[in-house]
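Fold and geometry: a report
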Amino acid sequence: MPVFYGTDVESPLMLGTALYPSPAIMAEAFRASGAGIATVSLRREGGAGQDFHNLIKGLNVPVLPNTAGCHSVREAVTTAQMARELFDTPWIKLEVIRDDDTLCPDVIALVEAARILSDDGFQVFPYCTEDLSVCGRLLDAGCEVLMPWGAPIGSGRGLNNPYGLRSVRAHFPDVPLVVDAGIGLPSHAAQAMELGFDAVLLNTAVAKAGDPVAMARAMALAIQAGQLAHAANPIEARDMAAPSTPVFGMAVLG
Amino acid sequence: MTEVTILGAGVMGLSIATELASRGLTPRLIDPAGKPGAHACSWRAGGMLAPYCEAESAEPVVVRHGRNAADWWQAQGVEVTHRGTLVLAPSRDRAELDRFARMTEAHSPVDAETIATLEPELEGRFARGLFFGTESHLNPREALRVLRDRLAEKGIEIETDAAPTGLTVDARGLSARDELADLRGVRGEMLVLRCPEVTLTRTVRLLHPRIPLYIVPRGEGIYMIGATMLETGGKYRVTARSAVEMLSAAYALHPGFAEAEILELGSDARPAFPDNLPRLRRRGNTLYANGLYRHGYLLAPTVARMAADYITTGQRPEFMDEDHP
């Protein structure tokens, strides 16, 4: 199971808390999936949303607050500070967005904010791209977890760049890695785990499914399958067939 | 005869009073704020009677009961506009339209030509959409006024400073949070625009992954635009971000909205239980009727009928949850 900043997490599924038909269905999705972490947005759901925060706390899983919706270093830092007070945790999922249509991370501002927050004692989970230089800079800034995107948030496209994600894994073998965003189907989540990622963070794929509870369970099973498969050391793909039944001793006809 | 006092003269309280009065009772109605107005969150509702569209995110029970709402309002003398709902999406968000179609029923697909026939001003703007032909809408403020006037004709006036007698029906919406720990507020923000340049005759929903929007015509060039859904509880003013998002979505629907006058920016909190479904809850000599969430005008008739049946016959309503804490 993943270990983030020395904390053992009970499941490699990290589930968001937005967009569900109701808090009751959200709670059921968490139960059905056994998700190890709940992410919660501060920017729009913060402030006086005490009732909703209590519902999140009632899920009884560790909370990872995020800075979704922040567009600048200063905004992200302030939001992180609010989150720390509200949820009493040094964890922060750091999101700094430049473009509202792709919700692509602003990696320059991200590195800067990660440095400020790490220096201030935060344990930063940066939502980043699969760019190796950016990942390296984030580690230099004090991050001990990396969360490259699979595809733009909410797009459900799966892993757009498996090669890039594989390189991140290969370059940083000891850093806990999470595929964050872009997951649409359980097969996408399984693929991330097969690549050797430590966890998968998703929200829309479950919350907006026709049956969020069933989809949450499907994601959890797929993640488990991918994790087992990675640990089982899968075979390499090859171009030619390799018979799985021995041919020796078969009758030679003709 | 059963003595009943209803607390709260929003859509819930007035509907229950109406149902009790139709069964021959004369309930008292207490609301410290007096007649329906900006203090009630039902004042800022859209007034869509759109059970099929709601199925996109609501439980089937909302559709089943919501189907009867239009008839009920009409029977009370409220003007209900039966012109259906047009659901549209910008071409790059077509996937949202497919999802909406899968999650709902009672719609037919419409192409550019049909959209132009239904709403001529939208000609050439959208290639595809969904038409929910059996849905309708009303003007919430007008509806509240009609209920209040009809009750007044029967001698039931809203008292502002009085103590309840008999069975208390608590229909105070989010104000009942002091007694209902599992009630929360889901914030909604809305705008009222005057835009005689644009003529839309029915509710139009514009799908968008981040900013879904609906526009309900109020007649005479006035449009209600809503509504955000934020889990922030309290009642604040509209944020700049929400206003900008709603206005740009309106502009995306029809550029004519750029010339609109903003008559009103409103914000309130919808009372909701964790499953976002309404509840009747009996505690001692109080019956709580609450949790209409975003379905005030759609479900108030059903909840009112259930409350009145329970009070007059003891019949256990579907939305009763005495077992809840």
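Identification of chain B as FAD-dependent oxidoreductase from Paracoccus litorisediminis is taken from an unreviewed UniProt entry.

You'll find chain A entered in an unreviewed UniProt entry as Thiazole synthase, with Paracoccus litorisediminis given as the organism. Listed under Catalytic activity (unreviewed entry) in UniProt, the entry text for chain A is "[ThiS sulfur-carrier protein]-C-terminal-Gly-aminoethanethioate + 2-iminoacetate + 1-deoxy-D-xylulose 5-phosphate = [ThiS sulfur-carrier protein]-C-terminal Gly-Gly + 2-[(2R,5Z)-2-carboxy-4-methylthiazol-5(2H)-ylidene]ethyl phosphate + 2 H2O + H(+)". What UniProt states about chain A under its Subcellular location (unreviewed entry) heading is, verbatim, "Cytoplasm".

1. Let's talk about the interface of chain B and chain A
Counting residues at the interface gives 24 residues for chain B and 20 residues for chain A. When the two sides are added together, the surface that chain B and chain A hide from each other amounts to roughly 1700 Å², 47% of it contributed by carbon and sulfur. On the chain B side of the contact with chain A, Arg210(B), Glu231(B) and Arg241(B) bury the most area, a combined 29% of that side's loss. For the pair chain B and chain A, the number of links is 1 salt bridge. Close ionic contact of Lys208(A) with Glu56(B) constitutes a salt bridge, the shortest N to O distance being 3.7 Å. Of all the secondary-structure elements, those providing two or more residues to the side of chain B that touches chain A are helix H5 (94–103), strand E11 (184–194) and helix H8 (240–253) of chain B. Sort the elements by how many residues they give to the side of chain B that touches chain A and H8(B) lands first, with 3 residues. Residues belonging to the side of chain B that touches chain A are distributed by class as follows: 6 nonpolar, 7 polar and 11 charged.

2. Focus on the environment of Ser118(A)
All names here are of chain A. Looking at where serine 118 falls in the secondary structure, it is placed in helix H4 (residues 107–119). Classification of serine 118 by relative accessible area gives buried; the value is 16%. Sequence spacing of serine 118 and leucine 15 is 103 residues, and the spatial spacing of their C-alpha atoms is 24 Å. With residues near it in sequence (within four places) discarded, serine 118 still touches Val124, Ala141, Gly142 and Cys143.

3. Digging into the UniProt feature "active site" (unreviewed entry) in chain A
Residue and element names in this part refer to chain A. The feature "active site" (unreviewed entry), as given by UniProt, occupies Lys93 in the numbering adopted here. Here lysine 93 lies in strand E6 (residues 91–94). On the accessibility criterion, lysine 93 (5% relative accessible area) is buried. Apart from the residues within four sequence positions on either side, lysine 93 is in contact with Leu64, Pro65, Asn66, Thr67, Phe125, Tyr127, Met147, Asp180 and Leu201.

4. A short note on the environment of Thr104(B)
Residues and elements named next belong to chain B. Its location among the elements puts threonine 104 in the loop between H5 and strand E6 (108–111). Taking the C-alpha atoms as reference points, threonine 104 and valine 63, 41 residues apart in sequence, are found 9.8 Å from one another. When sequence neighbours within four positions are dropped, the list of residues in contact with threonine 104 reads Tyr52, Cys53, Ala55, Glu56 and Phe132.

5. Topic: the domain arrangement of chain B
Residues and elements named next belong to chain B. When its domains are assigned, chain B resolves into domain 1 (4–54 + 138–181 + 274–323) and domain 2 (85–133 + 184–272). The distance between the C-alpha centroids of domain 1 and domain 2 comes to 28 Å. Of the residues lining the interface, 25 residues belong to domain 1; the matching set on domain 2 comes to 28 residues. Counting each side, the surface lost to burial between domain 1 and domain 2 is near 2100 Å², with a carbon and sulfur contribution of 59%. Counting across the interface, domain 1 meets domain 2 through 3 salt bridges. For glutamate 54, the salt bridge is made with arginine 205, and the minimal N-O distance between the two is 2.9 Å. Residue assignment for the side of domain 1 that touches domain 2 shows that the elements contributing at least two residues are helix H2 (51–54) and helix H7 (140–153). Take the side of domain 1 that touches domain 2: its biggest share by element is 3 residues, from H2.

6. Considerations on helix H7 (residues 186–194) of chain A
In an α-helix, one full turn covers 3.6 residues, which means residues spaced three or four apart are oriented alike. All names here are of chain A. When we look at burial in H7, the residues that qualify are Pro186, His188, Ala189, Ala190, Ala192 and Met193. Looking at the buried positions of H7, the neighbouring elements they touch are strand E9 (178–180), strand E10 (199–202) and helix H9 (212–231). Residue glycine 196 follows H7 closely and has a positive phi angle near 95 degrees.

7. Digging into the nonpolar core
With 77 residues, the main nonpolar core has Phe4(A), Met14(A), Phe30(A), Leu94(A), Val124(A), Phe125(A) and Leu138(A) as its most contacted residues. The leading source of residues in this core is H4(A), at 7 residues. Once residues lying within four places of it in the same chain are set aside, the contact partners of Phe4(A) are Val9(A), Met14(A), Ile37(A), Trp91(A), Phe125(A), Val145(A), Pro176(A), Val178(A) and Ala199(A). Core analysis: the second largest hydrophobic core is formed by 51 residues, Val4(B), Ala9(B), Leu49(B) and Trp72(B) among them.

8. Looking at the sheet that holds strand E1 (residues 4–7) of chain B
Residues and elements named next belong to chain B. Spatially, the 6 strands line up as an open sheet ordered E9-E2-E1-E10-E17-E16, and their pairing is mixed. Lying at the two open borders of the sheet, with one neighbouring strand each, are strand E9 (158–159) and strand E16 (279–283). Where E1 meets strand E10 (residues 167–170), 4 bridges bridge the pair, whose relative direction is parallel. Across the sheet, residue leucine 7 finds its bridge partner in E10, namely aspartate 170. This element, helix H1 (residues 11–22), spans E1, strand E2 (28–30), E10 and strand E17 (286–290) of the sheet and lies at about 160 degrees to E1.

9. Description of the UniProt feature "binding site: 1-deoxy-D-xylulose 5-phosphate" (unreviewed entry) in chain A
Residue and element names in this part refer to chain A. UniProt feature "binding site: 1-deoxy-D-xylulose 5-phosphate" (unreviewed entry): in the numbering of this structure it lies at Gly154, Ala181, Gly182, Asn203 and Thr204. Look at the named residues: they lie 51 residues apart in sequence, but the longest C-alpha span between them is just 9.3 Å, so in the fold they bunch up. Here glycine 182 lies in the loop between E9 and H7. Apart from residues no more than four positions distant in its own chain, glycine 182 is found in contact with Ala151, Pro152, Ser155, Gly156, Arg157, Gly158 and His188. Inspection of the secondary structure puts asparagine 203 in the loop between E10 and helix H8 (204–207). Excluding residues that lie within four positions of it along the chain, asparagine 203 makes contacts with Gly16, Thr17, Ala18 and Tyr20.

What counts, and where the lines are drawn
- In this convention, every chain numbers its residues from 1, walking through the sequence in written order.
- Just so you know, chain letters begin at A and ligand numbers begin at 1, following the order they were written in.
- This being a predicted model, a pLDDT of at least 70 is required before a residue's local features are given, and a value of 80 or more before pairs of side-chain atoms are given or counted; all residues contribute to the totals for chains, interfaces and linings.
- Only heavy atoms go into the side-chain values, all of them from the structure, while hydrogens and water stay out.
- UniProt positions are given in the numbering used here, feature names are shortened, and annotations may be inferred rather than shown by experiment.
- Any two residues having at least one pair of non-hydrogen atoms within 4.5 Å are treated as being in contact.
- Buried area is understood as the total, over both parts, of accessible area removed when two parts are fitted together, assessed with a 1.4 Å probe.
- Each salt bridge in this description consists of a side-chain nitrogen of Lys or Arg and a carboxyl oxygen of Asp or Glu lying within 4 Å of one another.
- Helix and strand labels come from DSSP, where a helix needs a run of H or I of at least four residues and a strand needs a run of E of at least two; each type is numbered from the N terminus.
- Gly falls in the polar group here, along with every residue not listed as nonpolar (Ala, Val, Leu, Ile, Met, Phe, Trp, Tyr, Cys, Pro) or charged (Asp, Glu, Lys, Arg).
- Only protein chains enter the calculation, and the probe is 1.4 Å; a residue is then buried if its accessible area is under 20% of its type maximum, exposed if over 50%, and partly exposed in between.
- An automatic or database domain assignment is the source of the domain bounds shown.
- Among buried residues, the Ala, Val, Leu, Ile, Met, Phe, Trp, Tyr and Cys ones that are joined through side-chain atoms within 4.5 Å form a nonpolar core.
- Two strands pair if DSSP finds at least two bridges between them.
- Axis definition: a line fitted to C-alpha atoms, limited for helices to the stretch in contact. Angles are taken between N-to-C directions and run from 0 to 180 degrees.

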